[in-house]
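Summary of the model geometry
Chain by chain, the residues run as shown.
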Amino acid sequence: MNRIESIDRPIHRRTFLGSLAAGGTILAARGAFADELMRTPRQTEGPFYPDRLPLDTDNDLIVVNDELTAAVGEITHLTGRILDQKGAPIRNALIEIWQCDANGVYLHTKDSARAKYNAHFQGFGRFLTGSTGEYYFRTIKPVPYTGRTPHIHVKVRKSGKELLTTQFYIKDHPGNARDGIYKSLRDPKDRDALSLVFNPLEGSRIGELSARGDLVVGVTPES
């Protein structure tokens, strides 16, 4: 299921994504006049891709199944488009995200702090893109994990083939300068591509945030 309602008011998926699609038009149009868009840089998958997927794997990580209790954290609406290098949207791309909870614990049996995991946080989610290439998740703003700056893991697949594994970061977070994986991005353009701005969500009465991260995965058959 794809629950995307806010805790205190509904967020209508069609309206929300419709406005975002309009905002993404410029990026796609630029691709039509350029030789190629810059491909999104790859990053390590890390050790904590869930070894046991949760029963609920939809795009709302704030509420698990039909529970009434929401996860702890700053609610964030994470959106973007998946494009090929010509700027065309990729349909039927499966995007997955996973991240630690507000306590810095992953949904993984080998996380040493697993006993402290917030059971109300889904920790992992999936979304299948439509004709515009848009994706949407409701999650929490990432927090630091032991030895790491805040980040969200991202994986994109299509037709069973893995197209991209990378990580999103918080733009200008002080922890970035000390993070070895972030610093492996030598090119400032690569860092910019993975550094997201978390802005207040207009109209939210509970302090929700929005962030956008477009992903360019290269030209693929039947994209």
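Residues numbered from 1 in each chain as written. Predicted model: local features only at pLDDT ≥ 70, side-chain atom pairs only at ≥ 80, totals over all residues. Heavy atoms only, no water.

Description of the overall build of the protein chain
Selection criterion: Every helix listed is a DSSP run of H or I at least four residues long, and every strand listed is a run of E at least two residues long, numbered separately from the N terminus. Accessible area is worked out with a 1.4 Å probe on protein chains only. A residue is then buried under 20% of its type maximum, exposed over 50%, and partly exposed in between. Every residue pair with non-hydrogen atoms within 4.5 Å of one another is taken to be in contact. Here the accessible surface of atoms and residues is derived via Shrake-Rupley with a 1.4 Å probe, and residues count as covered only by protein chains that are part of the display.
In terms of helices and strands, the protein chain carries four helices and ten strands. Taken from N to C terminus, the helices and strands of the protein chain fall in the order α-α-β-β-β-β-β-β-α-α-β-β-β-β. Within the protein chain, the fraction of its 223 residues that count as buried is 51%. Restricting to contacts in the protein chain with at least 6 residues of sequence separation, those with at least 24 account for 76%. Total accessible area on the protein chain is roughly 10,900 Å²; 53% of this is exposed by carbon and sulfur atoms.

Side note on the confidence of the model for the protein chain
Which entries qualify depends on this criterion: Within a predicted model, pLDDT stands for the predictor's per-residue confidence, ranging from 0 to 100.
Looking at the protein chain as a whole, its pLDDT mean stands at 87, while 83% of the residues score no less than 70. Note on residues 1-33: pLDDT under 50 across the span, and 70 contacts to partners over four residues away in sequence or across chains.

Some details on the nonpolar core
Condition: To qualify as a nonpolar core, a set must consist of buried Ala, Val, Leu, Ile, Met, Phe, Trp, Tyr and Cys residues joined through side-chain atoms within 4.5 Å.
Residues Ile82, Ile95, Tyr135, Val156 and Leu215 are the most contacted members of the largest nonpolar core, which totals 38 residues. Every element with two or more residues in this core is listed here: β1 (75-83), β2 (94-98), β4 (134-140), β5 (151-158), β6 (161-170) and β9 (209-212). With five residues, the top contributor of residues to this core is β6. Ignoring sequence-local partners within four residues, the contact set of leucine 215 consists of Thr40, Arg81, Ile82, Leu83, Ile95, Tyr135, Val154, Val156, Leu164, Thr166 and Phe168. Listed in part, the six residues of the second largest apolar core include Tyr49, Trp98, Tyr106 and Phe124.

Examining the sheet that holds β5
Rule in force here: DSSP-based pairing: two strands are paired if at least 2 bridges between them are found.
Across the sheet, which stays open at both edges, the five strands sit in the order β3-β2-β5-β6-β7 with mixed pairing between neighbours. What marks the edges here is a single partner per strand, and that holds for β3 (124-128) and β7 (195-196). Two strands pair when backbone bridges link them, and β2 and β3 are joined in this way by five bridges, in the antiparallel orientation. Looking across to β3, one finds that leucine 94 is bridged to leucine 128.

Describing the pattern of salt bridges
A side chain with one charge may pair with a side chain of the opposite charge, provided their charged atoms come close. The line we're drawing: Salt-bridge detection follows one rule: a side-chain nitrogen of Lys or Arg within 4 Å of a carboxyl oxygen of Asp or Glu.
For the coordinates displayed, the defined rule picks out nine salt bridges. Arginine 212 is paired through a salt bridge with glutamate 134; the nearest N and O atoms lie 3.2 Å apart. Separated by 78 residues along the polypeptide, arginine 212 in strand β9 and glutamate 134 in strand β4 bring together distant segments of the chain. Relative accessible area serves as the criterion here: at 3%, glutamate 134 is assigned to the buried category. One salt bridge connects lysine 171 with aspartate 192, and the closest N-O pair in it is separated by 3.8 Å. Linking lysine 171 in the loop between β6 and α3 (180-183) with aspartate 192 in helix α4 (residues 188-194), this pair joins segments that are 21 residues apart in sequence. Note on lysine 171: relative accessible area 36%, which makes it partly exposed. By sharing partners, the salt bridges in this structure join Glu45, Lys155 and Glu162 into a single network.

Overview of the side chain of threonine 129
Which entries qualify depends on this criterion: As used in this structure description, the phrase polar contact means that two N or O atoms lie within 3.5 Å; if the pair is within protein, one of them must be able to donate a hydrogen and the other to accept it, and residues adjacent in sequence are counted only when both atoms belong to side chains.
Relative to the helices and strands, threonine 129 is located in the loop between β3 and β4. With a relative accessible area of 2%, threonine 129 lands in the buried category. Within the local environment of threonine 129, its side chain forms a polar contact with the backbone oxygen of isoleucine 90, the two atoms lying 2.8 Å apart. Among all residues touching threonine 129, those that are not within four sequence positions of it are Ile82, Ile90, Arg91, Asn92, Ala93, Glu134 and Tyr135.

Some points on the packing of aromatic side chains
This is how the line gets drawn: The rule is short: rings of Phe, Tyr and Trp, with Trp giving its six-membered ring, pair when the centres are within 6.5 Å, and they are stacked under 30 degrees, edge-to-face over 60, tilted in between.
A full pass over the atoms with the stated rule returns eight aromatic pairs. Centre to centre, the rings of tyrosine 49 and tryptophan 98 are 4.8 Å apart; their planes meet at 80°, and the pair counts as edge-to-face. Taken as a pair, tyrosine 49 in the loop between α2 (25-33) and β1 and tryptophan 98 in strand β2 lie far apart in primary sequence, 49 residues in all. No difference in accessibility class separates tyrosine 49 from tryptophan 98, as the two residues are buried. Through a chain of ring-to-ring contacts, three or more aromatic side chains come together here, namely Phe48, Tyr106 and Tyr145.

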